[in-house]
Amino acid sequence: MKRTAVRRRVARVLQKRASTSGATPNLRAEIVGTALRLSSSGLSPGRSGNVSMRIDNGMLITPTGIGAGELRPADIVEVRLDGRVAAGQRVASSEWRVHLGIYKARADVGAVVHTHSLNATALSCLHRSIPAFHYMIAEFGGDRVSCAPYATYGSDELARFAVKALGLREACLLANHGAVAVGESLRQAFERAGTLEALAAQYARALQIGRPRLLSSREMARVIEKFKTYGKQTEVKAKS
Ligand SMILES: [Zn+2]
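Residues numbered from 1 in each chain as written. Predicted model: local features only at pLDDT ≥ 70, side-chain atom pairs only at ≥ 80, totals over all residues.

Enquirer: So what's going on with the overall build of the protein chain? Residues and values would help.
Expert: What the protein chain contains, in helices and strands, is 7 helices and 9 strands. The proportion of buried residues among the 240 residues of the protein chain is 38%. Pairs at least 24 apart in sequence give 66% of the contacts found in the protein chain among residues at least 6 apart. (Helix = DSSP H or I, 4+ residues; strand = E, 2+ residues; numbered from the N terminus. Buried ≥ 20, exposed ≤ 12 C-beta atoms within 10 Å, placed from the backbone. Contact = placed C-beta atoms within 7 Å.)

Enquirer: Give a description of the pairing of strand β3 (residues 77-80) that names residues and reports values.
Expert: The alternating pattern of β3 places Val 77 and Val 79 on a buried face, while none of Glu 78 and Arg 80, on the opposite face, is buried. Sheet analysis places strand β2 (residues 58-61) next to β3, joined by 4 bridges and oriented antiparallel. In the sheet register, Leu 60 faces β3, and the bridge partner there is Glu 78. (Pairing = 2+ DSSP bridges.)

Enquirer: Talk me through the sheet that holds strand β7 (residues 147-148); I want residue IDs and the actual numbers.
Expert: Overall, mixed pairing links the 7 strands, which are arranged β3-β2-β1-β4-β9-β8-β7 in an open sheet. This sheet does not close on itself; its edge strands, each paired only once, are β3 and β7. Bridge analysis of strand β1 (residues 50-55) against β2 gives 4 bridges, and the strand direction is antiparallel. Within the sheet, the bridge partner assigned to Ile 55 lies in β2 and is Gly 58. Contacting β1, β2 and β4 (111-115), helix α2 (residues 24-40) runs over the sheet at an angle of about 155° to β1. (Axes fitted to C-alpha atoms, helices over the stretch in contact; angles between N-to-C directions.)

Enquirer: Give a description of the environment of Leu 214 that names residues and reports values.
Expert: Inspection of the secondary structure puts Leu 214 in the loop between α6 (186-209) and α7 (217-227). Between the C-alpha atoms of Leu 214 and Asp 143, which are 71 residues apart in sequence, the distance is 9.8 Å. Residues in contact with Leu 214, not counting those within four places in the same chain, are Pro 131, Ala 132 and Phe 133.

Enquirer: Requested: an account of the packing of helix α3 (residues 96-105) against helix α5 (residues 156-166), with residues and values cited.
Expert: Taken N-terminus to C-terminus, the directions of α3 and α5 make an angle of 45°; their axes are 8 Å apart at the nearest point. In terms of orientation, α3 and α5 fall into the oblique class. When you trace α3 past α5, the crossing you get is right-handed. Contacts from Arg 97, Val 98, Gly 101, Ile 102 and Ala 105 of α3 reach α5 at Asp 156, Leu 158, Ala 159, Arg 160, Ala 162, Val 163 and Leu 166. By residue class, the composition of the contact of α3 with α5 is 8 nonpolar, 1 polar and 3 charged. (Parallel < 35°, antiparallel > 145°, perpendicular 65-115°, else oblique. Left-handed = near helix turned anticlockwise from the far one by under 90°. Nonpolar A, V, L, I, M, F, W, Y, C, P; charged D, E, K, R; others polar.)

Enquirer: Which residues make up α2, and what values go with them?
Expert: With 17 residues, α2 should reach 24 Å at 1.5 Å per residue; the first-to-last C-alpha distance of 24 Å fits that figure. Considered for burial, the residues of α2 that qualify are Leu 27, Arg 28, Glu 30, Ile 31, Thr 34, Ala 35 and Leu 38. Taken down its axis, α2 places every buried residue within 160° of arc, on the same side. Exposed residues on α2 whose side chains face more than 90 degrees from its buried face are Pro 25, Asn 26 and Ser 40. (Expected span 1.5 Å × (residues − 1). Arc of directions from axis to C-beta.)

Enquirer: Report on the nonpolar core, specifying residues and quantitative values.
Expert: Judged by nonpolar contacts, the single largest core of 59 residues is most densely connected at Ala 162, Cys 172 and Val 180. It is α6 that provides the largest number of residues to this core, a total of 8 residues. If we ignore the near neighbours within four places in the chain, the residues touching Val 180 are Val 98, Val 112, His 114, Ala 162, Leu 166, Ala 171, Cys 172 and Leu 174. (Core = buried A, V, L, I, M, F, W, Y, C linked by C-beta atoms within 7 Å.)

Enquirer: Tell me about the pairing of β1, residues and numbers included.
Expert: The element β1 is extensively covered by neighbouring structure, given that 6 of its 6 residues are classed as buried. Side chains Asn 50, Ser 52 and Arg 54 of β1 all project onto a buried face; the interleaved residues Val 51, Met 53 and Ile 55 project onto the opposite face, where all are buried too. As judged from the 4 bridges shared by β1 and β4, these two strands associate in the antiparallel manner. By the bridge assignment, Val 51 is partnered in β4 with Val 113. What sits between the antiparallel neighbours β1 and β2 is a turn of 2 residues, in which Asn 57 has the positive phi angle 65°.

Enquirer: Break down unusual backbone geometry for me, with residues and values.
Expert: In this structure, Asn 57 takes a positive phi of about 65° despite not being glycine. Mapped onto the elements of the fold, Asn 57 is located in the loop between β1 and β2. For His 127, which is not glycine, the phi dihedral falls at a positive 55°.

Shown next, in the form of structure tokens:
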């Protein structure tokens, strides 16, 4: 991604965050709602999966060990950029280092969703990146979704591997573990987690049938360019 594009996105995220600062209760409720959707959509079986949003000087993240159905806004944990958690809060998700590492590395990211969704996780168990087998891979800002090497869950090493595999793209796989999707907003990160799972299912199916034929880097560059305006409604100005 070009530097100017990154700068524009950073400015958008900061603008949004500035308008929501002081609105932590709303952000907490949004995280609870997304955790519920993650669970009901089947993207995070059992108690797997966690969700976070950037706030000034840190992030809000789901706690460990509480099922989405029992989660309340007050259970959401505020973690500062230095990794500290104020007293009296729940224990943060075991993958808080992955989330925090991404916010530190990517100023344009406003939300992170981590899942153990079925097909993305199955591919991660083969240590397989998802190449440009379908043009929709461009949704993630490049010609592949990379798979980070294996590291123990909750470790600093896993956070480093995840940040590296993500690079400037919008998702990555974590070997023998699951997937991570990011976005400017929580809604965008959640939608990307769903898109990633659908693509992972299609790629896994194609691998069962034969050897998928991949799109060229040139074609993917063309699609990425088209995606910059794809699905955007042109504003219709009212006649005066
Ligand atoms: Zn996990």
